[in-house]
Amino acid sequence: MTSSPVRTKPWPQWPPPATDEQREALLAVLDSGLWGATNGPEVEDFAAAFAKSVGAPYGVCTVNNTVGLFLALRAVGVEPGDEVIVPAYTFVASASAVVLAGARPVLADVHPDTLLVDPDAVAALVGPRTGAVMTVHLSGAVADAGVPGVPVVEDAAQAHGAVRGGRAAGTLGDAGCFSFQSSKAMTAGEGGVVVTADRGTYERLWSLHNVGRKLGGGWYEHPSLGWNLRMTGFQAAVLRPQLAQLPAQIDRRTRSVAVLAQALADVEGLSVRPAPPDTERHTWHLAMLRYDAAAFGGRTKDDFIAAMAAEGIPLDAGYQPLSVEPSLAAYAGPCPVAEAQAAATVWVRQHLLMADDDAMADIARAARKVREAFTRPA
Ligand SMILES: *Cc1c(COP(=O)(O)O)cnc(C)c1O
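All values derive from a computational prediction rather than experimental measurement. (Residues numbered from 1 in each chain as written. Predicted model: local features only at pLDDT ≥ 70, side-chain atom pairs only at ≥ 80, totals over all residues. Heavy atoms only, no water.)

> Could you give an account of the packing of helix H8 (residues 242-263) against helix H12 (residues 357-375), with specific residues and numbers?
Two elements in contact, H8 and H12, have axes whose closest approach is 9 Å; the angle formed by their N-to-C orientations is 35°. The two elements H8 and H12 cross, and the hand of that crossing is right-handed. Residues Arg252, Arg255, Ser256, Val259, Leu260 and Ala263 of H8 form the contact with H12, whose participating residues are Asp357, Met360, Ile363, Ala364 and Arg368. (Axes fitted to C-alpha atoms, helices over the stretch in contact; angles between N-to-C directions. Helix = DSSP H or I, 4+ residues; strand = E, 2+ residues; numbered from the N terminus. Left-handed = near helix turned anticlockwise from the far one by under 90°. Contact = heavy atoms within 4.5 Å.)

What follows is the structure, encoded as structure tokens:
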């Protein structure tokens, strides 16, 4: 497009600038010389504080959420050779963690509107080899928990603070796994935490991530097999103050999405995908938009994303469904809903949603301009 771009102003950075509290906490760990999870108090304190923030009695911090999912799968009893049901539209780690645990991911198709796992698809896949269901709270919306009688591991990498039907993300199933990787709503660059309400699951998580030690046992006592998958005190120091910042950040994104949805009301073929009906707090880690190519002159979503980028709006194509990932070809069956809907899905990421109301109006204005250009008669 030759005209000047709709937006030239920069977008907020994620993560936001460090606070004095984070700086002081980080230096305090550095100066203490107690940098690890097994000598300083920070990691255990943060695990407990995070768990409490979601209403779970226990938490174990990990090096990242990929291994958090692995730990949770093992801790709820998944064994090599088991099947674990995973949604088809999610980050690849949801499935690769299952492979790491020696199990087989079985892909369940998703709901065409929310892109969250379809509980009927899950129920149809449960069989004698099913070791667990992994539910994924994609974009900050809480997905359905699973199937009675089958352990549930929640991939809540994108859902810090999300609530549905009175339950916080991470507390619907047997273990809830959160990520603190750079792009997430709480971050230390890398990191993760697994929460649980069950004492036995907690003890297994603790042992698995701490080289098979036993709570209260000796340093060189390893009654079960485990690995060093612990977080550092530096990460905990950077994370702890974010617990207090999270609610206002969620509020900002919630307002942004409301403004954006309103502004898109008169842009045919582009809308914010809905959350499940009983959602109490969607955290809007992402806003997933439905892009209807037919309303945009038949142009693909990649054309749309490129045209929006030229207008100063950096949108994201999001995942391709796991059913078409070559690395998972050995496991994947077709998931027609996920495959069709992925082609009709564009993401507005968290750092854009942290901008102001005018920025949301810019997104809608750019979309309108692109649509006019795509549908203008030749
Ligand atoms: C980020 C993410 C993960 C992986 O978390 P890491 O901490 O990067 O290992 C897993 N699942 C989903 C849905 C994610 O968004």
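Still to come is the rest of the account.
> How would you explain the site of the ligand if you had to name every residue and give the values?
Asn65, Thr66, Asp155, Ser179 and Lys184 are the nearest of the 16 residues found near the ligand. Contact distances for the ligand include 2.9 Å between an oxygen atom and a backbone N or O atom of asparagine 65. Measuring from an oxygen atom of the ligand, one finds a side-chain N or O atom of lysine 184 at 2.6 Å. For the ligand, whose accessible area on its own is 380 Å², the fraction buried by protein is 93%. Listing elements by their share of the shell around the ligand, those giving two or more residues are helix H3 (65-75) and helix H4 (92-100). (Near = heavy atom within 4 Å. Polar contact = N/O pair within 3.5 Å; in protein donor to acceptor, adjacent residues only side chain to side chain. Areas by Shrake-Rupley, 256 points an atom, 1.4 Å probe, with all protein chains shown as cover.)

> So what's going on with helix H6 (residues 199-209)? Residues and values would help.
At 3.6 residues per turn, the α-helix brings residues three or four places apart onto the same side. Inspection of H6 places Thr201, Tyr202, Leu205, Trp206, Ser207, Leu208 and His209 among the buried residues, and these make up the whole buried set. On its buried side, H6 packs onto strand S1 (58-62), H3 and strand S9 (192-196). Positive phi shows up at valine 211, right after H6, with a value of about 45°. (Buried < 20%, exposed > 50% of the residue type's maximum accessible area, 1.4 Å probe, protein only.)

> So what's going on with unusual backbone geometry? Which residues, and what values?
That bond from tryptophan 14 to proline 15 is cis: its omega, 0°, falls within 30 degrees of zero. Position of proline 15 relative to the elements: it lies in the segment before helix H1 (20-32). We note that serine 139 has phi near 70°; this positive angle belongs to a residue other than glycine. In this structure, serine 139 sits in the loop between strand S4 (130-136) and strand S5 (152-155). A relative accessible area of 4% places serine 139 in the buried class. Of note, the phi angle at tryptophan 284 is positive, near 50°, even though the residue is not glycine. Within the secondary structure layout, tryptophan 284 lies in the loop between strand S11 (279-281) and strand S12 (286-291). Here tryptophan 284 falls in the buried class, since its relative accessible area comes to 11%.

> Describe the nonpolar core, with residues and values.
Within the largest apolar cluster, 48 residues are counted, with the highest numbers of intra-cluster contacts made by Leu73, Val84, Val86 and Tyr89. No other element matches H3, which puts 7 residues into this core. Both domain 1 (20-243) and domain 2 (246-375) contribute no fewer than three residues apiece to this core. Residues in contact with valine 84, not counting those within four places in the same chain, are Leu73, Val78, Val98, Ala103, Arg104, Pro105, Val106, Ala132 and Met134. Among the nonpolar cores identified, the runner-up in size contains 33 residues, and Val257, Leu264, Phe296 and Val370 belong to it. (Core = buried A, V, L, I, M, F, W, Y, C linked by side-chain atoms within 4.5 Å. Domains from an automatic or database assignment.)

> Run through the domain arrangement of the protein chain, naming residues and quoting values.
When its domains are assigned, the protein chain resolves into domain 1 (20-243) and domain 2 (246-375). Placing the centre of domain 1 and that of domain 2 at their C-alpha centroids yields a distance of 27 Å. Each partner contributes to the roughly 3300 Å² buried at the junction of domain 1 and domain 2, and carbon and sulfur atoms together form 59% of this total. On the domain 1 side of the contact with domain 2, Tyr89, Leu107 and Ser139 bury the most area, a combined 18% of that side's loss. Joining domain 1 to domain 2, the criterion identifies 2 salt bridges. Two residues, aspartate 278 and arginine 164, come together in a salt bridge whose shortest N-O distance is 2.6 Å. At the level of secondary structure, the elements contributing two or more residues to the side of domain 1 that touches domain 2 comprise strand S2 (83-87), H4, strand S3 (104-108), strand S6 (163-164) and H8. The element best represented in the side of domain 1 that touches domain 2 is S3, accounting for 4 residues. Across the side of domain 1 that touches domain 2, the residue classes break down as 24 nonpolar, 12 polar and 5 charged. (Buried area = accessible area lost by both parts, 1.4 Å probe. Salt bridge = Lys/Arg side-chain N within 4 Å of Asp/Glu carboxyl O. Nonpolar A, V, L, I, M, F, W, Y, C, P; charged D, E, K, R; others polar.)

> Break down the packing of aromatic side chains for me, with residues and values.
The description of an aromatic ring pair rests on the distance of the ring centres and on the angle between the ring planes. Evaluated as defined, the whole model comprises 13 aromatic pairs. Ring centres 5.4 Å apart and planes at 65° place the aromatic pair tyrosine 89 and tyrosine 319 in the edge-to-face group. Residue tyrosine 89 is located in the loop between S2 and H4, and its partner tyrosine 319 is located in the loop between helix H9 (301-310) and helix H10 (336-342); the two are separated by 230 residues in the primary sequence. Here tyrosine 89 and tyrosine 319 have matching classes, each one buried. Each ring, one from tyrosine 291 and one from phenylalanine 304, has its centre 4.8 Å from the other, and the planes form 25°; the classification is stacked. Of this pair, tyrosine 291 sits in strand S12 while phenylalanine 304 is found in helix H9, placing the two residues 13 residues apart along the sequence. The buried category is assigned to tyrosine 291, whose relative accessible area is 2%. (Phe/Tyr/Trp six-rings, centres within 6.5 Å; stacked < 30°, edge-to-face > 60°.)

> Go over H4 with me, naming the residues and quoting the values.
Every buried residue of H4 is listed here: Ala93, Ser94, Ala95, Ala97 and Val98. Next to the buried residues of H4 lie H3, S2, S3, S4 and S5.

> Explain the side chain of threonine 345 to me, using residue names and the numbers behind them.
Relative to the helices and strands, threonine 345 is located in strand S13 (residues 345-349). Looking at threonine 345, the relative accessible area reads 0%, which means it is buried. If we skip the residues at most four places from it in the chain, threonine 345 touches Tyr89, Leu115, Arg273, Met288, Leu289, Lys301 and Ala317.

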